[in-house]
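Next come the chains, spelled out residue by residue.
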Amino acid sequence: MAATPVLDVTDLVKDFGGLRAVDGVSLRVAPGDRRVLLGPNGAGKTTLFHCITGTLRPTAGQVRLLGRDVTRLSEPRRTALGIGRTFQISNVFVELSALENLVLAALGTDRRKWVMHRPVGAFAAVRRTAQAGLEAVGLAHRAHERVRLLSYGERRQLELALALTGGPRVLFLDEPCAGLSPGERTRIARMIADLPRDLTILMIEHDMDVALGLADRVTVLHRGRVILEGVPAEVRRHPEVRDVYFGHV
Ligand SMILES: Nc1ncnc2c1ncn2[C@@H]1O[C@H](COP(=O)(O)OP(=O)(O)OP(=O)(O)O)[C@@H](O)[C@H]1O
Ligand SMILES: [Mg+2]
């Protein structure tokens, strides 16, 4: 791999008491790569994401992001380096409108400190950014709807817009299509596929068609370990993956 990897994880371990959820994972992701993490329930996929993004501190190992050792960096400081993410469990303010959620996210990622005496024009700019974010995911017509009243698919679209706020360089998506109807799933998958090619994407996905359709490379986790890394065609025909993964779905 010639270019400096966007993500370089070395010998990562995460214990929860006596349970080793991530057991010595090493993972390198090149700039612009679309990497899908596969694995049965409890394989350690979300825990690995949390250790990379800073939600959890690893028990051992190293995480380098965008050329920097971030292993001891707080979550907000990692985000400020250029990380966008969605969560396996919905993470939006349901009593606020779609637009208000994006305005809050845009304020949060703004490098300049938000102060009360900031000129009105600055807020208008943030609002325009938020509006553009909604348009990018096809939600402009729902801007003023309270999130509670959005469909599950629309919420996922909003979450994608939130993850893209601030123009991240690397995007972490934890099951962005989970719980969606086939139609909504196709819509979100298309949206992710249409993201700029220079954006590096790591995605956890259970739906095999979505996963293998989107991935440049796939990493398969099982019991906290990487059991295979390869292009989608290799993963499809690998007997061990068929046993541990396809056997469980
Ligand atoms: N905060 C926690 N405290 C204790 N154990 C945890 C915690 N989070 C996860 N685990 C355990 O760690 C293991 C890995 O969980 P994780 O959520 O990372 O799996 P996953 O691959 O994301 O699974 P799924 O496909 O169901 O989302 C599981 O056995 C889980 O019960
Ligand atoms: Mg998970």
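Placed above this text is the structure.
Here's a quick rundown of the structure. All of these numbers come straight from a predicted model, not from anything done at the bench.

**Brief notes about the overall build of the protein**
Helices and strands together make up the secondary structure of the protein, namely nine helices and 10 strands. Whereas a compact globule of 249 residues would reach a radius of gyration of roughly 18 Å, the protein reaches 18 Å, a difference of no more than 12%. Dimensions of the protein, computed from C-alpha atoms along their principal axes, come out at roughly 60 × 40 × 40 Å. The proportion of buried residues among the 249 residues of the protein is 49%. Contacts in the protein between residues far apart in sequence, at least 24 positions, make up 65% of those at least 6 positions apart. Here the protein has roughly 12100 Å² of accessible surface; of this, 53% comes from carbon and sulfur atoms. One way to put it: in the protein the 35 positive side-chain charges average out to a point 5 Å from where the 27 negative ones average out.

**Some points on the pairing of strand β9 (residues 217–222)**
When you tally the buried positions in β9, you get five out of six residues, the bulk of the element. Across four bridges, strand β3 (residues 34–38) lies against β9 in parallel orientation. Across the sheet, the residue bridging to L37 is T219, located in β9. By the bridge criterion, five bridges tie β9 to strand β10 (residues 225–230) in an arrangement that is antiparallel. Bridge pairing in β10 links V218 to G230. The turn joining β9 and β10, which pair antiparallel and follow one another in sequence, is formed by two residues; a positive phi near 50° is taken by R223.

**Some remarks on the environment of D207**
Along the chain, the position of D207 falls in the loop between β8 (200–204) and α7 (208–214). With 32 residues separating them along the chain, D207 and E175 place their C-alpha atoms 8.8 Å apart. Looking at D207, its side chain comes within polar contact range of the side chain of R185, at 2.8 Å.

**Some details on the sheet that holds strand β4 (residues 60–65)**
Spatial ordering of the open sheet is given by β2-β1-β4-β5, a layout of four strands whose pairing is antiparallel. Across the chains shown, the open sheet's two edge strands, defined by having one partner strand only, are β2 (19–29) and β5 (68–69). By the bridge criterion, eight bridges tie strand β1 (residues 7–16) to β2 in an arrangement that is antiparallel. By the bridge assignment for β2, V13 is matched with D23.

**A closer look at the site of ligand 1**
Of all residues adjacent to ligand 1, which total 14 residues, the nearest are G42, K45, T46, T47 and Q88. T47 is positioned such that a nitrogen or oxygen atom in its side chain is 2.5 Å from an oxygen atom of ligand 1. In this structure, an oxygen atom belonging to ligand 1 sits 3.0 Å away from a side-chain N or O atom of H206. For ligand 1, whose unbound accessible area comes to 640 Å², protein coverage reaches 61%.

**As for the side chain of R155**
Looking at the secondary structure, you find R155 in helix α5 (residues 152–164). The buried charged residue R155 lacks any salt bridge partner; its closest oppositely charged side chain belongs to E159, at an N-O distance of 6.4 Å. Once residues within four sequence positions are removed from consideration, R155 is found in contact with S90, V94, V147, R148 and L150.

Rules of the game
Residues numbered from 1 in each chain as written. Chains lettered and ligands numbered in written order. Predicted model: local features only at pLDDT ≥ 70, side-chain atom pairs only at ≥ 80, totals over all residues. Heavy atoms only, no water. Helix = DSSP H or I, 4+ residues; strand = E, 2+ residues; numbered from the N terminus. Rg over C-alpha atoms; globule rule 2.2 N^0.38 Å. Buried < 20%, exposed > 50% of the residue type's maximum accessible area, 1.4 Å probe, protein only. Contact = heavy atoms within 4.5 Å. Areas by Shrake-Rupley, 256 points an atom, 1.4 Å probe, with all protein chains shown as cover. Lys, Arg positive; Asp, Glu negative; His and termini not counted. Charge placed at Lys NZ, Arg CZ, Asp CG, Glu CD. Pairing = 2+ DSSP bridges. Polar contact = N/O pair within 3.5 Å; in protein donor to acceptor, adjacent residues only side chain to side chain. Near = heavy atom within 4 Å. Salt bridge = Lys/Arg side-chain N within 4 Å of Asp/Glu carboxyl O.

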